[in-house]
Amino acid sequence: MADALLAVEGLTKRFGGILASDNIVLDVKQGELHAIIGPNGAGKTTLIGQLTGMLTPDSGTVRFAGEDITALPAYARSLLGLARSFQITSLFLDLSVLDNVALAVQAHAGHSFQFWRDARKEKDLREPALVALARVGLADRADRPASALSHGEHRQLELAMALAGKPRMLLLDEPMAGLGTDESARMVKLLRELKREYTILLIEHDMEAVFALADRISVLVYGRVIASGTPEAIRANKDVREAYLGEQEVVS
Amino acid sequence: MPALNTRNIVIGLTILGLLLVPAYALVVGNTFILTLFTRIVILAIAATSLNLIMGYGGMVSFGHAAYLGIGGYVFGILSFEGIRSGFIQWPLALIISALFALVIGALSLRTRGVYFIMITLAFAQMVYYVGVSLSRYGADDGLTIHRRSDFGGLINLSNKTVFYYLCLALLLGTVYLVWRLVNSRFGMVVQGARSNINRMRAIGFPSYRYQLTCFVIAGTICGLAGILLANFTDFISPAVMHWTRSGDLIVMVVLGGMGTTFGPLIGTVAFLLLEEALPFVMAKTIDPLFPGVRPSEYWQIVLGPLLLFVVLFARGGIDGFLRGDRDG
């Protein structure tokens with residue numbers, strides 16, 4: 001486990017009688033794209049909440065780059081280089097697109113107790129923000145209000161904000177959610193590029209995208225990791241097929 | 001050079017008008033107008049400070065008038081106890097306002113939304129009742145202050161014109177300060193926290209300490225307005241901290257335009273002028289139609305719907321209306 005950037009051990013979270021995370025063991029190696037899949041209600045969002053510090057686990061540990069971050073608040077994890085994007089778009093809708101990304105840059109540029117200088121004229125904030133916007137293909141939208149962007153562009157902006165903090169690892173919570181076919185294809189292309197530079201933990205519903213991108217896949221069902229391995233191994237795994245097929249039988 | 005649109009013209013004329021008030025009072029030989037506008041200018045400082053936390057920071061404080069009272073009481077009590085120097089009174093009043101804001105903010109900011117509104121109201125009510133219980137300093141009846149702050153030969157606060165211009169200078173200084181603040185890195189964090197506090201945490205901001213700092217700055221500025229108000233009226237009583245006064249401040253900010261540079265100033269001028277003018281105008285126009293009833297005594301009946309109208313149809317307040325907000 002020496003090369004694991006993110007290591008999760010025995011993570012357990014209970015909401016009343018529901019075991020949302022059941023002794024989860026997971027690791028993400030430096031440089032890999034590790035995807036997590038699972039049917040609705042499998043506990044994917046609960047898991048990412050605990051990884052980012054929005055939720056506190058009942059037991060278990062989360063280590064990032066060897067450091068125990070289980071008790072760290074969300075902002076401190078972000079400052080360590082663990083950047084996330086949100087499943088449900090979470091932006092500063094009343095600020096401009098560039099302001100959104102510049103704030104993400106600012107978060108990693110020391111404290112913000114600077115009361116006088118016009119932050120919108122600071123090159124140190126604006127230029128890295130523009131680079132991140134260009135990276136996701138939103139450079140020409142920089143001065144629009146974030147609320148004026150399309151849903152697909154919001155997803156791209158989410159990514160730009162995650163990239164702006166020069167993270168060591170990206171936690172992407174369903175970046176493809178709600179995208180059309182064209183937009184999805186563009187996002188897959190973008191993720192494929194990002195994969196070369198970043199370690200990524202991807203939570204995604206879109207199976208085609210996951211199997212096209214992932215180096216490793218873990219399958220989460222009822223809060224438990226039932227299988228973990230290469231895409232080929234997962235495709236062939238009996239338990240996984242049962243979990244998904246079983247679900248379909250219940251539905252039909 | 002700012003563009004010549006309706007909004008900037010109105011702002012420019014308002015400031016020009018404020019600058020000329022003493023000259024006008026001199027020409028017509030009527031000091032009432034100077035008295036009225038001194039009050040307007042002082043309350044505009046309070047409204048501008050409230051706008052910093054409410055308009056830009058999204059922290060709707062329903063207890064902002066408490067700082068008017070705290071600033072005023074510290075000044076009044078020091079004066080009563082024989083400490084007349086403004087060089088002692090003012091810094092001490094500001095520091096104590098800041099300390100109150102620090103404690104109130106530190107606790108209130110652990111809540112959000114309606115709870116934040118209610119807890120700031122509760123704290124203001126506590127401060128109000130402390131004022132009521134200060135029997136040595138007049139309790140309910142308030143404390144008459146016999147001497148205004150003494151700044152040696154530097155400035156004479158007893159001169160009405162000098163006092164007015166001091167207040168106006170402090171108002172314009174406050175507007176400038178708030179403008180610089182909200183556009184700085186600090187201001188971006190405060191605005192980000194208004195917009196989406198969860199996202200702020202996710203991108204790495206410990207928002208609480210920035211919001212608290214903002215809350216303290218606003219409380220301190222409002223404490224300054226309190227010092228001015230008590231100097232102006234030569235009087236301080238718990239009434240300035242009554243919750244309805246906090247409500248008035250909110251109305252001034254909303255009426256003028258939340259989260260805008262000059263909105264609170266315009267809102268305060270509009271609100272207090274309406275308060276003065278409505279009974280007068282109604283007495284001239286409507287009262288003769290209803291002999292024996294005198295509707296002008298119930299001028300709030302007209303003010304209420306008027307404010308409602310602004311809130312419903314000019315969402316950005318007067319500022320938004322002047323800017324021509326179509327989505328408002």
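Here, every reference points to the structure presented above.
Below you will find a few notes about this structure. As the structure is a prediction and not an experimental result, all values here were calculated from the model.

Strands in a sheet are paired, the pairing made by backbone hydrogen bonds, and the direction either parallel or antiparallel. Residue and element names in this part refer to chain A. Taken in spatial order, the six strands make up an open sheet running S6-S7-S8-S3-S9-S10, and their pairing is mixed. Because the sheet does not close on itself, it has two edges, and the strands there are strand S6 (82-85) and strand S10 (224-229). On average, each strand axis in the sheet is tilted by 15° relative to the strand beside it, whichever way the strands run. Along the sheet face, helix H1 (residues 44-52) touches strand S3 (33-37), S6, strand S7 (169-173), strand S8 (199-203) and strand S9 (216-221) and points at about 150° away from the line of S7.

Turning next to the nonpolar core. Within the largest apolar cluster, 163 residues are counted, with the highest numbers of intra-cluster contacts made by Val101(A), Ala129(A), Leu133(A), Ala160(A) and Ala225(B). The dominant element in this core, judged by the number of residues it contributes, is helix H9 (residues 207-233) of chain B, at 15 residues. Shared between two domains, this core holds at least three residues of each, these being domain 1 (1-81 + 168-252) and domain 2 (92-166) of chain A. If we ignore the near neighbours within four places in the chain, the residues touching Ala225(B) are Ile42(B), Leu43(B), Ile45(B), Ala46(B), Leu68(B) and Gly71(B).

All right, on to unusual backbone geometry then. All names here are of chain A. Although it is not a glycine, Lys-166 sits at a positive phi angle of roughly 45°. Tracing the sequence through the fold places Lys-166 in the loop between helix H5 (151-164) and S7. One non-glycine residue with positive phi stands out, namely Glu-174, at about 45°. Topologically, Glu-174 is positioned in the loop between S7 and helix H6 (181-195). By the C-beta count within 10 Å, which is 20 here, Glu-174 ends up buried.

A word on the interface of chain B and chain A. Between chain B and chain A, the residue contacts involve 21 residues of the former and 28 residues of the latter. Contributing elements (two or more residues each) for the side of chain B that touches chain A: helix H6 (160-183), helix H7 (185-195) and helix H8 (197-202) of chain B. Element by element, the count of residues in the side of chain B that touches chain A is highest for H7(B), at seven residues. When grouped by side-chain class, the residues that make up the side of chain B that touches chain A number nine nonpolar, eight polar and four charged.

Residues and elements named next belong to chain A. In space, the four strands of this open sheet follow the order S2-S1-S4-S5, with antiparallel pairing throughout. Each edge of the sheet is formed by a strand with only one pairing partner; in this case those strands are strand S2 (18-29) and strand S5 (67-68). Taken strand by strand, H1 contacts strand S1 (4-15), S2 and strand S4 (59-64), and its axis lies near 60° from that of S2.

Before going further, it helps to examine H1(A). Taking burial as the measure, the nine residues of H1(A) include eight buried ones, the bulk of the element. Taken as a whole, H1(A) has its buried residues at Lys44(A), Thr46(A), Leu47(A), Ile48(A), Gly49(A), Gln50(A), Leu51(A) and Thr52(A).

Residue and element names in this part refer to chain A. Two elements, S1 and S2, share eight bridges in a ladder whose sense is antiparallel. The residue bridging Val-8 from the neighbouring strand is Leu-26, located in S2. Between S1 and S2, which pair antiparallel and follow one another directly, the connecting turn spans two residues, one of which, Gly-16, has a positive phi of 60°. In terms of strand pairing, S1 meets S4 through five bridges, oriented antiparallel. If you follow Ala-7 over to S4, its bridge partner there is Arg-63.

What counts, and where the lines are drawn
- Residues numbered from 1 in each chain as written.
- Chains lettered and ligands numbered in written order.
- Predicted model: local features only at pLDDT ≥ 70, side-chain atom pairs only at ≥ 80, totals over all residues.
- Pairing = 2+ DSSP bridges.
- Helix = DSSP H or I, 4+ residues; strand = E, 2+ residues; numbered from the N terminus.
- Axes fitted to C-alpha atoms, helices over the stretch in contact; angles between N-to-C directions.
- Contact = placed C-beta atoms within 7 Å.
- Core = buried A, V, L, I, M, F, W, Y, C linked by C-beta atoms within 7 Å.
- Buried ≥ 20, exposed ≤ 12 C-beta atoms within 10 Å, placed from the backbone.
- Domains from an automatic or database assignment.
- Nonpolar A, V, L, I, M, F, W, Y, C, P; charged D, E, K, R; others polar.

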